[in-house]
Amino acid sequence: MRFIFWSSIKAAIAGFALLSAEPSAAQYFDIYGEANRNLPAAQAAYDAMPANASAHVRAELVSDLIMGLIGKAKFKEAYELYLANADLDLHPDAVAGAVGHGLVAFVTDEALQADYLARLQGVVESESCAPCYARTFAAHHIARYIYVKQDDLPTSVEWHKRALDLSRIDLAANDPARVQFAYQYASYLRNLDLEAAVGAVRETEALAFEVLPRDDHIGWLYVFLNNALIALDKGRTAEAADLFGRIADIGAKEWGPDSPQLLPIYQNTAVLLSRLGRTDQAVEVALMAEANEGYSDDGELGYQRALVARLMYEDARVDEAIDYYNRALVLLERQQDNLVDMARARLDLADALGVTGDHKQALALTDLALSTYREMFEPTNPQRRGRQTQAALILARAGETRRAAETLAPVLDYNEGVLLDLYAKDQDRLAIASDGNSLFATSVAVSLLAGDAERAWRSAQLATISDLALSASALAYPGDPDGFSAALEKVRQARDGEEAARTRFAGGESSAAELAAARTAREAAEAALEAGYPDFADYLRPRPLTIAEASGLLADDEAYIVPMVFPDRVVTLALTREGLVWGQAITALHEARQLIDRLRNSLDAGLGGQQTFDAEAAHRLYRLIFSAEITDVVAGKERLVFPASGPLSAIPPSVLVTSLPQAGAAPEYLIEDHAISITAGLGQRAPNRARATRRFAGIGAPSLAPAPQDRFGLRGAIVDAEDISALPSLPGAQEELAALGAAFPDDEPLILTGDAATEAAVRAAPLDQYRVLAFATHGLVSGQISGLSEPALVMTPQAGANGAENDGLLTASEIARLSLAADWIILSACNTAAGEGRGAATYSGLARAFQLAGARSLLLSHWPVRDDAATRLSVATVTATGQGISRAEALRRAQLAMIADPEIPGGASPSIWGPFILIE
């Protein structure tokens with residue numbers, strides 16, 4: 001589900017006047033500021049206006065009320081008031097505000113639109129009103145009109161930039177409203193160029209520090225909103241949710257807890273909570289927002305009811321969701337001008353009805369919704385593509401598999417094209433990848449039910465690629481990221497140049513020679529990229545394999561298991577040397593997701609050694625994944641391989657319970673029957689690269705704060721520090737690295753610990769010469785420490801060092817720039833399997849970074865690792881591999897030995913032995 005971008009923009013615009021409520025010299029809010037803070041007073045003054053009032057008085061009172069209405073988000077009323085008094089000499093800011101909002105929201109007559117645009121542009125081009133708001137306000141509304149009515153984002157961004165530039169001229173240097181125009185520009189730029197928008201957001205933040213008079217000024221709401229949107233784009237959902245909490249606090253204080261301006265803020269907060277799996281809280285917030293519906297019309301009320309319904313559906317409250325959907329449709333059908341919201345509510349209701357078995361009504365609603373989307377949007381429109389994907393699953397669930405496949409086919413073709421386009425912009429791939437799991441997982445189910453196994457297998461791989469593509473956008477080509485980025489950008493520019501030349505040539509505006517030159521430039525740029533980085537495609541865009549190609553990469557004793565979780569079922573594919581089979585298990589609504597949450601929560605709760613493991617959830621989840629068809633296939637296989645993607649990547653498969661324990665006995669785990677590993681893609685399992693010559697390098701045990709007496713859960717400690725030097729030292733890490741080095745007695749290992757374990761030392765070390773690398777230290781996820789926006793390993797901070805390169809945080813992007821040739825890397829730290837944020841793809845952080853740096857396989861931890869357990873597992877695994885045992889089997893034996901050893905406190909708990917997983 002895409003983030004509610006337009007609602008957030010609407011909230012920002014609603015607060016435009018309030019942002020400027022603290023007047024500075026030469027601002028029109030010296031005159032009208034009180035009206036914006038006190039709409040009832042402005043309304044009362046207007047209502048009490050004498051019938052014989054002069055034109056001047058009428059103009060003042062009408063202008064006053066128009067700006068008050070805009071300040072309180074009553075745009076329609078402001079526009080209608082302007083229309084009724086357009087003959088008066090209204091203040092230009094009132095004209096710009098009323099016309100601007102009316103133009104975008106309410107005007108459908110093209111001639112009237114053109115007339116209004118001309119008026120606004122005349123205000124922009126006039127210098128007579130400076131210093132005032134009219135020019136900047138008008139430019140802002142022209143930008144909004146172009147974006148909403150003409151669907152021309154690049155031109156809209158240009159106009160927002162013009163509004164920002166005008167604000168520097170028209171507004172006083174200390175005017176808080178300058179922050180608003182900077183915010184608007186960054187917000188729209190974000191949809192055009194994400195990386196450029198990051199810079200614009202930082203500039204907005206710097207401006208806020210400069211001009212906002214206090215920490216809780218309303219202007220900070222927009223700064224936080226920008227940062228929240230960027231965090232979402234980067235996959236840092238939890239960070240965005242926290243920021244929306246701060247936004248709501250500021251808004252409630254400024255506007256009051258029942259203010260209608262809080263409605264979209266609460267709506268977005270609820271959506272983010274749902275994304276984080278906190279579905280019950282999401283419903284609570286969405287229901288609370290009903291108190292903020294004061295200015296909502298039927299369409300907006302219908303949208304709110306539909307949102308509550310969607311969140312209830314996510315919380316497995318399907319009957320309540322159906323009731324709310326029906327209430328939403330009653331409201332939406334009263335207001336026929338919002339067909340998209342109605343179509344969305346119809347399709348979501350159809351989805352819920354299909355889960356309950358009411359396929360007849362579900363199909364009727366689906367047909368109505370698809371008709372609307374096809375009429376209103378082009379085939380490549382993201383909304384239409386997303387809704388066709390949803391419709392395909394509804395159709396397949398109802399048994400109409402042929403229609404489902406036909407509905408899904410064009411969406412698959414388009415998304416595959418962008419996802420696998422080596423020259424597509426990162427943000428375009430991000431948009432595809434963020435929705436990719438749903439699309440390609442749906443394709444798996446639809447294709448299997450339609451009997452197209454090859455299409456299902458391809459889609460299963462693309463679902464995995466879409467997860468990894470999210471992180472690939474933030475990292476770069478190993479060894480030479482800057483050079484690769486520059487070469488790739490030249491190709492993109494040359495392709496854009498050729499396309500522009502082709503358009504001009506078709507329109508008779510250029511010659512064939514110009515088109516030929518553009519084509520030659522594009523070919524030269526592509527050739528240079530291929531020559532300089534011949535294998536970059538293998539790193540950044542793994543190619544989907546056919547069933548025959550993929551099965552040929554598996555050993556006779558291996559099975560590749562791909563589980564797909566749907567709201568009402570689990571579908572599992574199993575690939576072996578013999579071919580592909582599949583099975584499915586029908587579930588209660590969201591049962592599999594809830595089981596995953598239960599299991600993961602029990603593992604997290606057991607870190608202290610208590611027996612909190614939810615064996616029933618682990619067994620039920622095993623039975624859903626390993627249906628009879630899958631169980632038959634894996635019965636004779638020694639090793640199971642799972643993909644690094646999807647909801648099940650939140651837990652290590654080794655802890656699944658194959659048989660519930662009898663009284664007084666222990667459960668039987670999947671690891672007891674099979675060695676287990678994770679892969680980013682079968683096509684990446686055996687790259688043809690040179691083998692390193694030296695055997696072991698160990699890095700970690702940084703010099704930090706003194707360690708506490710209790711080392712039991714040291715490496716899993718909760719981090720809450722502004723300075724990483726406040727983190728506790730890890731005595732066990734020093735012992736672990738020494739023990740790992742001793743496992744290679746015939747080689748002189750490289751050990752960097754204590755004061756020697758710095759970022760500079762890591763970059764200077766010849767790490768590409770070592771087959772096994774071990775990092776034993778704290779592992780941090782995004783947002784876990786102040787200023788950290790990506791996963792990182794903690795090194796010793798260098799005293800007096802400036803810049804991020806020596807701050808003691810070896811981040812994912814810095815790791816990706818290393819040059820490695822290791823057979824495998826051991827990350828003996830907490831959270832190293834975590835993604836770029838708590839809401840990000842599980843293996844998208846440090847795992848992807850080390851993969852890009854050149855590692856063949858990695859040993860990672862899913863959750864905080866107990867200090868003594870980390871040492872025991874890593875040393876035993878490395879020692880066994882030195883004896884010729886495979887990595888997966890070596891890890892299996894180390895885990896089983898810990899389970900069986902009564903001398904290890906709590907060692908039989910999966911929370912203690914289970915965090916490590918092997919990625920190959």
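Residues numbered from 1 in each chain as written. Predicted model: local features only at pLDDT ≥ 70, side-chain atom pairs only at ≥ 80, totals over all residues. Heavy atoms only, no water.

J.: In this structure, what is going on with the overall build of the protein? I would like to understand it.
T.: Helices and strands together make up the secondary structure of the protein, namely 38 helices and 16 strands. Considering the protein as a whole, with its 920 residues, one finds that 59% of them fall into the buried category. Put simply, 71% of the contacts in the protein that link residues at least 6 apart link residues at least 24 apart. (Helix = DSSP H or I, 4+ residues; strand = E, 2+ residues; numbered from the N terminus. Buried < 20%, exposed > 50% of the residue type's maximum accessible area, 1.4 Å probe, protein only. Contact = heavy atoms within 4.5 Å.)

J.: How should I be thinking about empty space enclosed by the protein in this particular structure?
T.: In this approach, a probe sized like a water molecule rolls over the atoms, and the result shows the empty space that is left. In the structure shown here, the tally under the stated rule is four cavities of 30 Å³ or more. In this model, the second largest cavity occupies a volume close to 60 Å³. Around the second largest cavity sit Pro 652, Pro 653, Ser 654, Ile 671, Ile 676, Ser 677, Leu 891, Gln 895, Phe 916, Ile 917 and Leu 918, which together line it. With three residues, strand S16 (residues 916-919) is the single largest residue contributor to the lining of the second largest cavity. Classifying every residue of the lining of the second largest cavity by side-chain character gives eight nonpolar, three polar and no charged. (1 Å grid on protein atoms, 1.4 Å probe; cavity = no way out; pocket = protein on both sides within 12 Å on 5 of 7 lines; lining within 4 Å. Points joined across faces, edges and corners; volume = space filled by probe spheres on them. Nonpolar A, V, L, I, M, F, W, Y, C, P; charged D, E, K, R; others polar.)

J.: How should I be thinking about the nonpolar core in this particular structure?
T.: Among soluble globular proteins, nonpolar side chains are generally buried collectively. In this structure, Ile 66, Tyr 82, Leu 90, Leu 221 and Ile 265 are the most contacted members of the largest nonpolar core, which totals 125 residues. Residues Ala 574, Phe 613, Ala 870 and Met 898 belong to the second largest nonpolar core, which totals 96 residues. (Core = buried A, V, L, I, M, F, W, Y, C linked by side-chain atoms within 4.5 Å.)

J.: How should the packing of helix H19 (residues 339-356) against helix H21 (residues 382-397) be read in this particular structure?
T.: Axes are the key here: two packed helices are described by the angle between their axes and the distance separating the axes. Packing of H19 against H21 leaves a shortest axis separation of 10 Å and a crossing angle of 25°. As far as their axial angle goes, H21 and H19 are roughly parallel. H21 is crossed by H19, and the crossing has left-handed handedness. Every residue of H21 that contacts H19 at Val 340, Arg 344, Leu 347, Asp 348, Ala 350, Asp 351, Gly 354 and Val 355 is listed here: Gln 383, Arg 387, Gln 390, Ala 391, Ile 394 and Arg 397. (Axes fitted to C-alpha atoms, helices over the stretch in contact; angles between N-to-C directions. Parallel < 35°, antiparallel > 145°, perpendicular 65-115°, else oblique. Left-handed = near helix turned anticlockwise from the far one by under 90°.)

J.: Help me understand the sheet that holds strand S12 (residues 792-794) in this model?
T.: Sheet strands line up and pair through hydrogen bonds in the backbone, either parallel or antiparallel. Taking strand neighbours across the sheet as the criterion, the three strands line up as S11-S12-S13 in an open arrangement whose pairing is antiparallel. Of all strands in the sheet, those with a lone pairing partner are strand S11 (779-780) and strand S13 (809-811), marking the two edges. Inspection of the sheet shows S12 paired to S13 by three bridges, in the antiparallel sense. When the bridges of S13 are listed, Ala 792 appears paired with Thr 811. (Pairing = 2+ DSSP bridges.)

J.: What should I look at first to understand the pattern of salt bridges in this one?
T.: Once their charged atoms are close, side chains differing in charge can pair, the charge on each being opposite to the other. Per the counting criterion, the structure on display carries 32 salt bridges. Where Arg 522 meets Glu 526, a salt bridge forms, and the shortest distance between an N and an O atom there is 3.4 Å. Remark: Glu 526 and Arg 522 occur in helix H26 (residues 512-532); sequence separation between them is four residues, near one turn of the helix. As far as the burial class goes, Arg 522 and Glu 526 line up, both buried. One salt-bridge network, in which partners are shared between bridges, spans Arg 310, Arg 344, Asp 348 and Arg 387. (Salt bridge = Lys/Arg side-chain N within 4 Å of Asp/Glu carboxyl O.)

J.: What exactly am I supposed to notice about the environment of Thr 587 here?
T.: Along the chain, Thr 587 falls in the loop between strand S3 (579-586) and helix H29 (591-605). Between the alpha carbons of Thr 587 and Pro 567 there is a distance of 7.9 Å; along the sequence they are 20 residues apart. Not counting chain neighbours up to four residues away, the residues in contact with Thr 587 comprise Pro 567, Asp 568, Arg 569, Val 570 and Leu 624. Reaching out from Thr 587, the side chain makes a polar contact with the backbone nitrogen of Arg 569 at a distance of 3.4 Å. (Polar contact = N/O pair within 3.5 Å; in protein donor to acceptor, adjacent residues only side chain to side chain.)

J.: Is there a simple way to explain the side chain of Asp 341 in this structure?
T.: Mapped onto the secondary structure, Asp 341 falls in helix H19. Here Asp 341 is buried and forms no salt bridge, its nearest opposite-charge partner Arg 344 lying at an N-O distance of 6.1 Å. (Lys, Arg positive; Asp, Glu negative; His and termini not counted.)

J.: Looking at this model, I keep getting lost on the environment of Ala 409. Mind explaining?
T.: You can see Ala 409 is positioned in helix H22 (residues 401-419). As for Ala 409 and Ala 392, which are separated by 17 residues in sequence, their C-alpha atoms are 9.6 Å apart.

J.: Looking at this model, I keep getting lost on helix H20 (residues 359-376). Mind explaining?
T.: Each full turn of the α-helix corresponds to 3.6 residues, which orients residues three or four apart in the same direction. For H20, built from 18 residues, the straight-helix expectation of 26 Å at 1.5 Å per residue is met to within 8% by its first-to-last C-alpha distance of 26 Å. Of the residues making up H20, those classed as buried are Ala 362, Leu 363, Leu 365, Thr 366, Ala 369, Leu 370, Thr 372 and Tyr 373. The elements touched by buried residues of H20 are H19 and H21. (Expected span 1.5 Å × (residues − 1).)

J.: Explain unusual backbone geometry here, please?
T.: Working note: non-glycine residues mostly have negative phi, and peptide bonds are mostly trans. For Ala 316, which is not glycine, the phi torsion reads 65° and is therefore positive. With respect to the element layout, Ala 316 can be found in the loop between helix H17 (298-314) and helix H18 (318-334). Accessibility expressed as a relative area gives 28% for Ala 316, which makes it partly exposed.

J.: Sorry if this is basic, but what is going on with the environment of His 674 here?
T.: When you line up the elements, His 674 lands in the loop between strand S6 (668-669) and strand S7 (675-679). Sequence separation between His 674 and Lys 637 is 37 residues, and the spatial gap between their C-alpha atoms is 7.4 Å. If we ignore the near neighbours within four places in the chain, the residues touching His 674 are Val 634, Lys 637, Glu 638, Leu 640 and Arg 892. Of the polar contacts made by the side chain of His 674, one reaches the backbone oxygen of Lys 637; its length is 2.7 Å.

J.: Explain the side chain of Arg 600 to me, please; I cannot follow it from the model alone.
T.: Tracing the chain through its elements places Arg 600 in helix H29. At 2.8 Å, the side chain of Arg 600 and the backbone oxygen of Ala 650 are in polar contact. Apart from residues lying up to four places away in sequence, Arg 600 is in contact with Ala 650, Ile 651, His 862 and Trp 863.

J.: How do you make sense of helix H14 (residues 237-255) when you look at a structure like this?
T.: The end-to-end C-alpha separation of H14 is 26 Å, in line with the 27 Å expected for 19 residues at 1.5 Å each. Within two residues after H14, Gly 256 carries a phi angle of roughly 100°, on the positive side.

J.: Explanation requested: the pairing of strand S1 (residues 558-566) in the structure shown.
T.: Side chains on a regular strand alternate between the two faces of the sheet. Burial of S1 is extensive: eight of the nine residues sit out of reach of the surface. Note that S1 and strand S4 (residues 639-643) share three bridges and pair parallel. When the sheet's bridge partners are listed, Glu 558 is paired in S4 with Arg 639. Judged from the seven bridges that link them, S1 and strand S2 (residues 569-576) form a sheet pairing that is antiparallel. Paired with Phe 566 across the strands is Arg 569, a residue of S2. Where S1 folds back on S2, the antiparallel hairpin that results is connected by two residues.

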